[in-house]
Number of protein chains: 2
Amino acid sequence: MSVVLNIETTAKNAKNASYKLASLDTEIKNRALEAIALNIEKNKEKIIAANELDLNEAQNMVEKGNLSTSLYSRLKLDEDKIKIMIQGIYDVAKLEDPVNKIIGAVELDQDLELYKVSCPLGVIGVIFESRPDVVPQIVALAVKSSNAVLLKGGIEAFNTNKILIEVITEALNFIPEFPKNAINLLKTREDVAEMLKMDKFIDLIIPRGGNSLVKYIQENTKIPVLGHADGICHIYTDEMADLAKSIKITLDSKIQYPSACNAVETILVHENIAKNYLPCLIRELREKEVTVKGDKTVQDLVSNIITATEDDWKTEYSDKTVSIKVVKDIYEAIEHINNYGSGHTDCIITENKENIEIFMNLVDSAGVYHNVSTRFADGFRYGLGAEVGISTNKTHARGPVGLEGLVIYKYKLFGNGQTVSEYSGYAGKKFKHTKIK
Amino acid sequence: MSVVLNIETTAKNAKNASYKLASLDTEIKNRALEAIALNIEKNKEKIIAANELDLNEAQNMVEKGNLSTSLYSRLKLDEDKIKIMIQGIYDVAKLEDPVNKIIGAVELDQDLELYKVSCPLGVIGVIFESRPDVVPQIVALAVKSSNAVLLKGGIEAFNTNKILIEVITEALNFIPEFPKNAINLLKTREDVAEMLKMDKFIDLIIPRGGNSLVKYIQENTKIPVLGHADGICHIYTDEMADLAKSIKITLDSKIQYPSACNAVETILVHENIAKNYLPCLIRELREKEVTVKGDKTVQDLVSNIITATEDDWKTEYSDKTVSIKVVKDIYEAIEHINNYGSGHTDCIITENKENIEIFMNLVDSAGVYHNVSTRFADGFRYGLGAEVGISTNKTHARGPVGLEGLVIYKYKLFGNGQTVSEYSGYAGKKFKHTKIK
């Protein structure tokens, strides 16, 4: 049973397990994944029954107004969702093992070889809300990347998360090489704050949830956090844009899934096309029930536009609202994006090659797009296979992050008694630095 | 003049400069480096004169006991040191440009191509003590990697740092493409604490100084910190070790440069060889004036050994002191290293292949070594060309870090009007995900 009381002990045990995980063969990890998938299939009725306990409690909370109906629907598991869960585990099994890959190798001198080899981070802490399908997904990614994991789910999914971890642990017990204490669920009563203090044992925190959860975590831990708080994405429609294309892309970016982090929030339009373009664009947006806010120029061109204030440029609406600003040129657009954006995903619509290059080079975001919907910012669409999250960090991993965000590297140096003294001073031995790989 | 008063304004201007730096051609950056090198050569007398002002002040501080003589000697610049400084800049110019490299490329579908391209981090904050030669070194690395930089040196080197930045800025003014405000020296009166709050503008902090400086910085900023506080390195001498080789490696690791972060602090010895090995090793260490501390077993084997306590296992002596522990097997050695080490550099001495593999896989450090001095942990010895620092982080960059630690990547997606709607649902278009590079 991996549901335990003391976070520090759990984290310490996970750290010890992580050292052993680091040298597991790919074949054993894939066997572990298969065992998990099979055991979830075998126990699906038990899982659905546990989920019903959570759903009953959640129903009361919804009625009391303490839980939104969208969270309720994300909490619910059925046979179809369990099928997708299982398929997801098999998909991760098929991915290339990110561990123990030789990234580079150099012969420093005879019998002195340096290898840069990928290795797991160690212990990953994942904090997530309601969706219990995060459990097998994160466990699969952790197993494949040889990381231990501490999962901390929301209280509303406690019974479901608990049974999932029990089923996973039972499966892993059938793989004798797989270390104990690698996969852990923290008891929901425990405070997230406790986990955030475990920088001695936890190497990376991945928050999976809303903006306020992510911000709270970023502000309250010394542990590196992989993720994003805001997704304030922009589309800049250049004076050289194909306007029909621009409308099509903008609509998709805003309404295909408005609450997604990669949905567009602010539209910037070159002043030379504003008069022709904006009335059409705004008509189309309004037809799709999008609320439009705009600056003075927009208001002058189209009636009944709500005033966009400074605050709007900093807002991720996460619903069918958009703000529009008219800019004098591409540089003002870029400045606006770098100033107000969240470094997530920003797009230029243009047919002008030079402007594409300017935008792509000067906009400092994880994703810079040309003539394509911002909604493409996603690990599956990028072909990463599985997604750990989308990062707006500037270090480690940026944009949609797959398994490679869960590994780092170590240097292995193989020698034969060499000392640094021998290589020191003018008469010292010289390094070869011959690239092996 | 880049010596300014307000840190926030400086940081903001640096951020704006960083966007422009991102798209500079390699050729322009190399021209900028050459201009800097030439202007330092041209102004060497002025630099030495400014340095003398600092040295006079420092002499007073040394006499009052407020500055150590080793800091004084690091502060001192002469013609030779300036020559090395200039050579270092030319060396960086010769390094491969780390920016704008295509890391990977995938055709998601027809006319929909995704490129993962390296790009600069943005603004690097460097906090360093006394050594003014850090200024041209960091500036060269920043220029080559297209990053803006905020330098914050110690008050004892203020005049030297100031003239160096003036000379560098003058040189950069001759390169019209090079943005203003990219290279900045913060006035020494200003508080480091102010700089550490600038997470909106600074993307990475690199502390270059002692343990207490690094720890203070790590504990007082939200900005990622690249570096290491402790360097508690170990050598484990296995029962299958060549003992002569082991003594040679151990002596080099301890005495070649005892205050270096990659010097060995704790020696672990397999119990089966302790009786033969330790008397020889300790005799050699004592001949080199190394103070030896040891556990009970060591004390039983050799007389006059100071007791090593729990605190010793956690101590970076940074001088000619070493602690020795006898372990029952390789696993106890590994556990000790993972528990008390700093994840810097740890070495096994053995002739047994299986034990090499166990050690290299299970020890969770930036450098894991076989039969070679821990003192090899260094960017120049690794062939990186120039070193930003040595990182014991588990994310972003680990071990000796070269220019690659100053870059990240962005995703560039080039499309032709595609929307996510077209690719959604069972009837939706399918992605190709064909690897281009």
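See the structure printed just above.
Residues numbered from 1 in each chain as written. Chains lettered and ligands numbered in written order. Predicted model: local features only at pLDDT ≥ 70, side-chain atom pairs only at ≥ 80, totals over all residues. Heavy atoms only, no water.

Asks: Can you walk me through the sheet that holds strand β14 (residues 367-372) of chain A in this structure?
Replies: The strands that make up a sheet pair up through hydrogen bonds in the backbone, lying either parallel or antiparallel. Across the sheet, 11 strands lie side by side as β11(A)-β10(A)-β12(A)-β9(A)-β8(A)-β13(A)-β14(A)-β17(B)-β3(B)-β2(B)-β18(B); this open sheet has mixed pairing. Of all the strands in the sheet, just β11 (306-307) of chain A together with β18 (434-435) of chain B have a single pairing partner and so form its edges. Where strand β3 (residues 112-120) of chain B and strand β17 (residues 407-418) of chain B come together, 8 bridges link them in antiparallel fashion. Following the sheet pairing, B:Lys116 is matched in β17(B) by B:Tyr411. Across the face of the sheet, helix α15 (residues 353-362) of chain A comes into contact with β8 (233-237), β13 (345-349) and β14 of chain A together with β17 of chain B while running at roughly 145° to β17(B). (Pairing = 2+ DSSP bridges. Helix = DSSP H or I, 4+ residues; strand = E, 2+ residues; numbered from the N terminus. Contact = heavy atoms within 4.5 Å. Axes fitted to C-alpha atoms, helices over the stretch in contact; angles between N-to-C directions.)

Asks: I tried to follow the side chain of A:Ser18 on my own but got confused; where do I start?
Replies: All names here are of chain A. Looking at the secondary structure, you find Ser-18 in helix α1 (residues 7-21). A residue is classified by how much of its surface remains accessible, and Ser-18, at 4% relative accessible area, is buried. For Ser-18, the contacting residues outside a window of four places in its chain are Gly-122, Val-123, Ser-146 and Ala-148. (Buried < 20%, exposed > 50% of the residue type's maximum accessible area, 1.4 Å probe, protein only.)

Asks: How should I be thinking about unusual backbone geometry in this particular structure?
Replies: Glycine aside, residues mostly have negative phi angles, and peptide bonds mostly take the trans form. Positive phi, close to 70°, is recorded for A:Asn100, a residue that is not glycine. Along the polypeptide, A:Asn100 turns up in the loop between α5 (79-94) and β2 (102-109).

Asks: Would you mind going over the packing of aromatic side chains with me for this structure?
Replies: Aromatic ring pairs are reported here in terms of the distance separating the ring centres and the angle at which the planes meet. All chains considered together, the criterion is met by 14 aromatic pairs over all chains. Here the aromatic rings of A:Phe376 and B:Phe431 are separated by 6.2 Å at their centres, their planes lie at 85°, and the arrangement is edge-to-face. A residue pair is termed interchain when its members come from two chains, as with A:Phe376 in the loop between β14 and α16 (379-382) and B:Phe431 in the loop between β17 and β18. With relative accessibility at 0%, the residue A:Phe376 sits in the buried group. For B:Phe431, a relative accessible area of 23% puts it in the partly exposed group. (Phe/Tyr/Trp six-rings, centres within 6.5 Å; stacked < 30°, edge-to-face > 60°.)

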